[in-house]
Amino acid sequence: MTKNVRVRFAPSPTGPLHIGGVRTALFNYLFAKKHNGTFVLRIEDTDQNRYVEGAEQYIIDALNWCGFPFDEGPNINEKFGPYRQSERKHLYKQYADELIASGNAYYAFDTADELDKHRKDHEANGKTFIYNWHNRLKLNNSLSLSAEEVQNKIETGEDYVIRFKSPQDETLHLKDIIRGDIKIDTNILDDKVLFKSDGMPTYHLANIVDDHLMEISHVIRGEEWLPSLALHVLLYRAFNWEAPEFAHLPLILKPTGKGKLSKRDGDKLGFPVFPLEWKSPEGDISRGYKEDGYFPEAVVNFLAFLGWNPGTEQELFNLQELVEAFNLNKVNKAGARFDPDKTKWFNHHYMQEQDNLKLAEAFKNHQEELKTIDVNYIEMVVSLVKERATFINDFWGLSHFFFTSPSNYDEKAFKKAIKDDTVEILTKVKSIITHIDDFTVNALQTDIKGWITDNNIGFGKIMMPLRLALVGALQGPDVFEIMFLIGKNETVKRIDNLIEKI
Ligand code: GLU
């Protein structure tokens with residue numbers, strides 16, 4: 001790639017960022033880093049009616065948490081700033097004027113009621129009203145009115161919009177890196193509004209002007225913007241600007257594979273669709289991956305596979321590996337099915353890669369019962385149970401017996417483990433344990449296993465009741481490790497408790 005790669009993620013701050021948006025940001029980031037380029041964040045907040053307090057900060061926090069912050073954007077490296085469109089308002093009008101002067105755009109004065117009437121009239125005749133070449137000369141605009149009339153309307157402050165004059169009878173050949181060549185008949189395009197009389201540009205104008213001014217080389221965005229591609233390419237042509245290359249990412253589908261994954265699916269199906277928890281200005285709370293106990297590495301890894309794959313069997317990639325492997329040519333056209341179980345599988349994997357001390361600290365903060373327990377002890381426990389854990393939330397269930405004696409015994413386990421000679425055997429095991437001075441896993445193993453072999457007793461006859469005494473159930477890691485960690489006194493006490501119970 002010879003040109004300087006500059007990509008942008010351009011969300012509108014209308015609420016929390018859906019994971020589809022995070023995926024778009026991630027693919028932009030990967031592409032930028034792969035080509036030593038720049039990843040820009042631009043906030044597209046021209047639609048003030050849809051602006052939601054806190055959404056911009058949420059977007060920034062989400063990118064930071066995921067571990068792929070932007071290189072340029074609000075308050076960061078503002079080379080092409082400002083990066084909020086609301087702060088760039090003054091810039092856009094001149095470009096709309098330029099299009100009018102070059103004959104590529106025109107003023108339109110049709111009121112909302114008039115347009116509504118046209119729509120209804122068309123519907124009544126089984127037709128769809130499209131504002132374009134077909135009828136623009138019959139409508140209320142600077143193409144149908146005289147120059148004086150137009151001048152007069154503008155001077156007297158009549159509301160207007162500026163519309164793009166889409167070409168007639170032309171076949172456009174568009175290129176998309178993911179979708180290949182796309183042909184569009186310009187006769188089906190409507191004359192989109194570019195500028196409104198409130199002084200604000202619409203998405204289309206602001207987006208193209210900013211991509212140009214910010215020297216964006218590649219536009220990587222969701223499939224829902226594909227219908228705008230023709231207009232965008234036409235705008236570049238009208239301005240005589242070189243267009244960036246385009247790549248439209250596939251939709252993310254519901255777990256059933258049918259329909260687009262929506263913000264509401266998370267609540268309905270019981271998994272988060274947002275990276276971070278979101279509290280709306282009305283006080284509604286939506287769950288986030290972070291708060292649900294996911295590691296950012298897991299979220300990044302599963303998002304990368306929504307629409308992309310390396311073409312090999314490898315599924316586990318950290319961010320750096322993704323940067324190296326990523327290629328827009330390997331992104332699929334077809335929608336990517338979201339699989340909540342797979343996200344757990346990734347989390348379980350990244351759990352194993354976490355630092356035990358960090359996990360221990362998080363576990364300690366999370367669990368009331370651990371407030372006074374030494375974190376180094378918790379760390380040893382974590383190292384024994386993490387292979388069975390997907391979330392930090394799982395730790396307590398897997399390890400409570402390292403911190404508290406069993407208060408009762410699992411009924412089934414009790415029936416299975418306790419035989420007529422169990423008390424006798426446990427008493428003997430207890431005495432062996434009591435006599436071990438050097439209380440290590442090794443010494444415990446040697447002495448207990450030695451006694452088992454010498455006396456030719458079934459292994460399970462000892463291990464099952466011993467485990468039951470220590471854990472309260474027939475679960476948990478290696479019994480010798482458990483005894484070692486809880487210590488001699490506690491081990492003996494727990495054996496006594498079970499003997500008493502029998
Ligand atoms: N503001 C648009 C959005 O919210 C940006 C679309 C684009 O990337 O062109 O997704």
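Residues numbered from 1 in each chain as written. Predicted model: local features only at pLDDT ≥ 70, side-chain atom pairs only at ≥ 80, totals over all residues. Heavy atoms only, no water.

Engineer: Any chance you could break down the overall build of the protein chain for me, citing the residues and the numbers?
Structural biologist: Helix and strand counts for the protein chain come out as 20 helices and 13 strands. Computed over the C-alpha atoms, the radius of gyration of the protein chain is 33 Å, more than 25% above the 23 Å expected from 2.2 N^0.38 for a compact globule of 502 residues. Viewed in the frame of its principal axes, the protein chain has a C-alpha envelope of about 110 × 50 × 40 Å. When burial is assessed residue by residue, the protein chain has 49% of its 502 residues classed as buried. Relative to all contacts within the protein chain whose residues are 6 or more apart in sequence, the contacts with residues 24 or more apart total 71%. Counting only carbon and sulfur atoms, one obtains 48% of the accessible surface of the protein chain, whose full area is about 24,400 Å². (Helix = DSSP H or I, 4+ residues; strand = E, 2+ residues; numbered from the N terminus. Rg over C-alpha atoms; globule rule 2.2 N^0.38 Å. Buried < 20%, exposed > 50% of the residue type's maximum accessible area, 1.4 Å probe, protein only. Contact = heavy atoms within 4.5 Å. Areas by Shrake-Rupley, 256 points an atom, 1.4 Å probe, with all protein chains shown as cover.)

Engineer: Any chance you could break down the packing of aromatic side chains for me, citing the residues and the numbers?
Structural biologist: Inspection of every chain in the model, using the stated rule, returns 31 aromatic pairs. Between Tyr-58 and Trp-278, the aromatic rings sit 5.4 Å apart at their centres with planes inclined by 90°, giving edge-to-face as the arrangement. You can see Tyr-58 sitting in helix H2 (residues 55-66) and its partner Trp-278 sitting in strand E11 (residues 278-279), a full 220 residues away along the chain. Comparing Tyr-58 with Trp-278 shows no difference in burial state: the two are buried. Plain terms: the ring middles of Phe-305 and Phe-346 are 6.4 Å apart, the flat faces sit at 40° to each other, and that makes the pair tilted. Here Phe-346 lies in helix H11 (residues 340-353) and Phe-305 lies in the loop between helix H9 (296-304) and helix H10 (319-325), a separation of 41 residues in the sequence. The class of Phe-346 is buried, set by a relative accessible area of 1%. One cation-aromatic arrangement involves Arg-23 over Phe-27; the distance from NZ or CZ to the ring centre is 5.5 Å. Across the ring face of Phe-346, the terminal group of Lys-342 is positioned such that the distance to the ring centre comes to 5.9 Å. (Phe/Tyr/Trp six-rings, centres within 6.5 Å; stacked < 30°, edge-to-face > 60°. Lys NZ or Arg CZ within 6 Å of the ring centre and 35° of its normal.)

Engineer: I'd like a description of the pattern of salt bridges, backed by residues and values.
Structural biologist: Tallied over the entire structure, the rule returns 27 salt bridges. One salt bridge in this structure joins Asp-71 and Lys-33, with 2.9 Å as the shortest N-O distance. Here the residue Asp-71 occupies a position in the loop between H2 and helix H3 (89-101), and Lys-33 occupies one in helix H1 (residues 19-34), the gap between them amounting to 38 residues. Here Lys-268 and Asp-265 are joined by a salt bridge, their closest N and O atoms 3.7 Å apart. (Salt bridge = Lys/Arg side-chain N within 4 Å of Asp/Glu carboxyl O.)

Engineer: I'd like a description of the layout of surface pockets, backed by residues and values.
Structural biologist: One number sums up the size of the largest pocket: a volume of about 1,100 Å³. Lining the largest pocket are 44 residues, with Pro-11, Ser-12, Thr-14, Glu-224 and Trp-225 sitting closest to its centre. Looking at the lining of the largest pocket, the elements that each hand over two or more residues are strand E1 (6-9), H1, helix H6 (203-213) and strand E8 (218-222). By residue class, the composition of the lining of the largest pocket is 17 nonpolar, 14 polar and 13 charged. (1 Å grid on protein atoms, 1.4 Å probe; cavity = no way out; pocket = protein on both sides within 12 Å on 5 of 7 lines; lining within 4 Å. Points joined across faces, edges and corners; volume = space filled by probe spheres on them. Nonpolar A, V, L, I, M, F, W, Y, C, P; charged D, E, K, R; others polar.)

Engineer: Could you give an account of helix H13 (residues 375-385), naming the residues involved and the relevant values?
Structural biologist: Here H13 has its buried residues at Val-375, Tyr-377, Ile-378, Val-381, Val-382, Leu-384 and Val-385. Looking at the buried residues of H13, the elements they touch are helix H12 (356-366), helix H14 (395-399) and helix H19 (479-486).

Engineer: Please set out the nonpolar core residue by residue, giving values where relevant.
Structural biologist: Among soluble globular proteins, nonpolar side chains are generally buried collectively. Grouped together as the largest cluster of nonpolar side chains are 113 residues, with contacts concentrated most on Phe-68, Phe-402 and Ile-448. The contacts of Phe-402, once residues within four sequence positions are left out, are Tyr-377, Val-381, Leu-384, Val-385, Pro-477, Ile-482, Leu-485 and Ile-486. (Core = buried A, V, L, I, M, F, W, Y, C linked by side-chain atoms within 4.5 Å.)

Engineer: So what's going on with the UniProt feature "domain: Aminoacyl-tRNA synthetase class I anticodon-binding" (unreviewed entry) in the protein chain? Which residues, and what values?
Structural biologist: When the UniProt feature table is mapped onto this chain numbering, "domain: Aminoacyl-tRNA synthetase class I anticodon-binding" (unreviewed entry) sits at residues 359-499. Here residues 359-499 runs as 65% helix and 0% strand, with 36 Å between its end C-alpha atoms. (UniProt positions renumbered as here; feature names shortened; annotations may be inferred.)

Engineer: Could you give me a rundown of the environment of Lys-416, with the residues and numbers involved?
Structural biologist: Position of Lys-416 relative to the elements: it lies in helix H15 (residues 411-417). Discounting chain neighbours no more than four positions away, the residues touching Lys-416 are Met-464 and Leu-474.

Engineer: Let's hear about a negative patch on the surface: which residues, and what values?
Structural biologist: Residues Glu-297, Glu-321, Glu-324 and Glu-353 make up a contiguous surface patch of negative charge. For Glu-353, the position within the fold is in helix H11. A relative accessible area of 53% means that Glu-353 is categorised as exposed. (Patch = residues over 30% accessible without salt bridge, like charges linked within 9 Å, V, L, I, M, F, W, Y side chains within 5 Å. Lys, Arg positive; Asp, Glu negative; His and termini not counted. Charge placed at Lys NZ, Arg CZ, Asp CG, Glu CD.)

Engineer: Would you mind going over the sheet that holds strand E7 (residues 193-196) in detail, with residue names and values included?
Structural biologist: Ordered in space as E3-E4-E7, the 3 strands form an open sheet in which the pairing is antiparallel. With partners counted over all chains shown, the strands left at the sheet margins are strand E3 (105-108) and E7, one partner each. Averaged over all pairs of adjacent strands, the angle between strand axes in this sheet comes to 25°, irrespective of strand direction. Two strands pair when backbone bridges link them, and E3 and strand E4 (residues 161-164) are joined in this way by 4 bridges, in the antiparallel orientation. Residue pairing in the sheet places Ala-105 in a bridge with Phe-164 of E4. (Pairing = 2+ DSSP bridges. Axes fitted to C-alpha atoms, helices over the stretch in contact; angles between N-to-C directions.)

Engineer: Now, about unusual backbone geometry: what can you tell me, with residues and values included?
Structural biologist: Backbone torsion omega between Gly-81 and Pro-82 reads -5°, so that peptide bond is classified as cis. Structurally, Pro-82 is set in the loop between H2 and H3. Backbone geometry at Asn-75 places phi at a positive 65°, although glycine is not the residue there. Tracing the sequence through the fold places Asn-75 in the loop between H2 and H3. On the basis of relative accessibility, which here comes to 66%, the residue Asn-75 falls in the exposed class. For Asp-169, which is not a glycine, the phi torsion comes out positive at approximately 55°.

Engineer: So what's going on with the site of the ligand? Which residues, and what values?
Structural biologist: Taken together, Arg-8, Ala-10, Ser-12, Glu-44, Tyr-203, Asn-207, Arg-221 and Trp-225 are the residues near the ligand. In this structure, Glu-44 approaches the ligand through a side-chain N or O atom, which is 2.6 Å from a nitrogen atom. Trp-225 places a side-chain nitrogen or oxygen 3.4 Å from an oxygen atom of the ligand. The protein chains hide 85% of the 300 Å² of surface that the ligand would expose on its own. A molecule is said to occupy a pocket when more than half its atoms come within 2 Å of that pocket's grid points, and by this definition the ligand occupies the largest pocket. Each residue belonging to the shell around the ligand can be placed in one class, and the counts come to 3 nonpolar, 2 polar and 3 charged. (Near = heavy atom within 4 Å. Polar contact = N/O pair within 3.5 Å; in protein donor to acceptor, adjacent residues only side chain to side chain. Sits in = over half its atoms within 2 Å of the grid points.)

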